[in-house]
Amino acid sequence: MQTSYVLMEVAPGKVRDAVKMLNDNPNIKKATAVAGAYDIVVEVDAKDHNTLSRIITEDIHEVDGLSKTTTLIAFDLE
């Protein structure tokens, strides 16, 4: 599995609904509202880069009020 974190900027007043929608999606491991430069951090486990790309474009980019995403791909340092 490839773990990634998607940092999301969402319009004011849309965070609560966005987090609920994302956490109801079986393709999303966890969505959490955060304070700081971003509004939501989404953890995704995907079997490969193609699956990750599909989850981002078909699930995450459909969030109402989304203005920007930044994707961080995790890797082991072993």
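Residues numbered from 1 in each chain as written. Predicted model: local features only at pLDDT ≥ 70, side-chain atom pairs only at ≥ 80, totals over all residues. Heavy atoms only, no water.

**Student:** It is not clear to me how the overall build of the protein should be interpreted in this structure. Could you clarify?
**Tutor:** Within the protein, the secondary structure is distributed over two helices and four strands. Starting at the N terminus, the α and β elements of the protein follow one another as β-α-β-β-α-β. The C-alpha radius of gyration of the protein comes to 12 Å, within 12% of the 12 Å expected for a compact globule of 78 residues. Each of the three principal axes of the protein carries a C-alpha extent, and together these read 40 × 25 × 20 Å. (Helix = DSSP H or I, 4+ residues; strand = E, 2+ residues; numbered from the N terminus. Rg over C-alpha atoms; globule rule 2.2 N^0.38 Å.)

**Student:** What is the right way to read the pattern of salt bridges from this model?
**Tutor:** Working definition: two side chains of opposite charge can pair if their charged atoms are close together. Considering all chains together, one arrives at five salt bridges under this definition. A salt bridge links Lys-29 to Glu-43; its shortest N-O distance comes to 3.5 Å. With Lys-29 in the loop between α1 (15-23) and β2 (30-33) and Glu-43 in strand β3 (residues 40-46), the pair connects residues that are 14 residues apart, well separated along the chain. Taking relative accessible area as the criterion, Lys-29 reaches 52% and is therefore assigned exposed. In this structure, Asp-45 engages Lys-29 in a salt bridge whose closest nitrogen and oxygen atoms are separated by 3.3 Å. With Asp-45 in strand β3 and Lys-29 in the loop between α1 and β2, this pair connects stretches of sequence that are 16 residues apart. Within the structure, one salt-bridge network assembled from shared partners comprises Lys-29, Glu-43 and Asp-45. (Salt bridge = Lys/Arg side-chain N within 4 Å of Asp/Glu carboxyl O. Buried < 20%, exposed > 50% of the residue type's maximum accessible area, 1.4 Å probe, protein only.)

**Student:** Any chance you could explain the nonpolar core here in plain terms?
**Tutor:** A general trend in soluble globular proteins is that nonpolar side chains are found buried together. Ranked by internal contacts, the top residues of the largest apolar core, which has 17 residues, are Met-8, Leu-22, Ile-28, Ile-40, Val-42, Val-44 and Ile-60. Sorting the residues of this core by element identifies β1 (2-10), α1, β3 and α2 (49-58) as the ones contributing at least two each. Once you skip the residues sitting within four places of it in the chain, Val-44 turns out to touch Gln-2, Thr-3, Ser-4, Asn-27, Ile-28, Lys-29, Leu-52, Ile-55 and Ile-60. (Core = buried A, V, L, I, M, F, W, Y, C linked by side-chain atoms within 4.5 Å. Contact = heavy atoms within 4.5 Å.)

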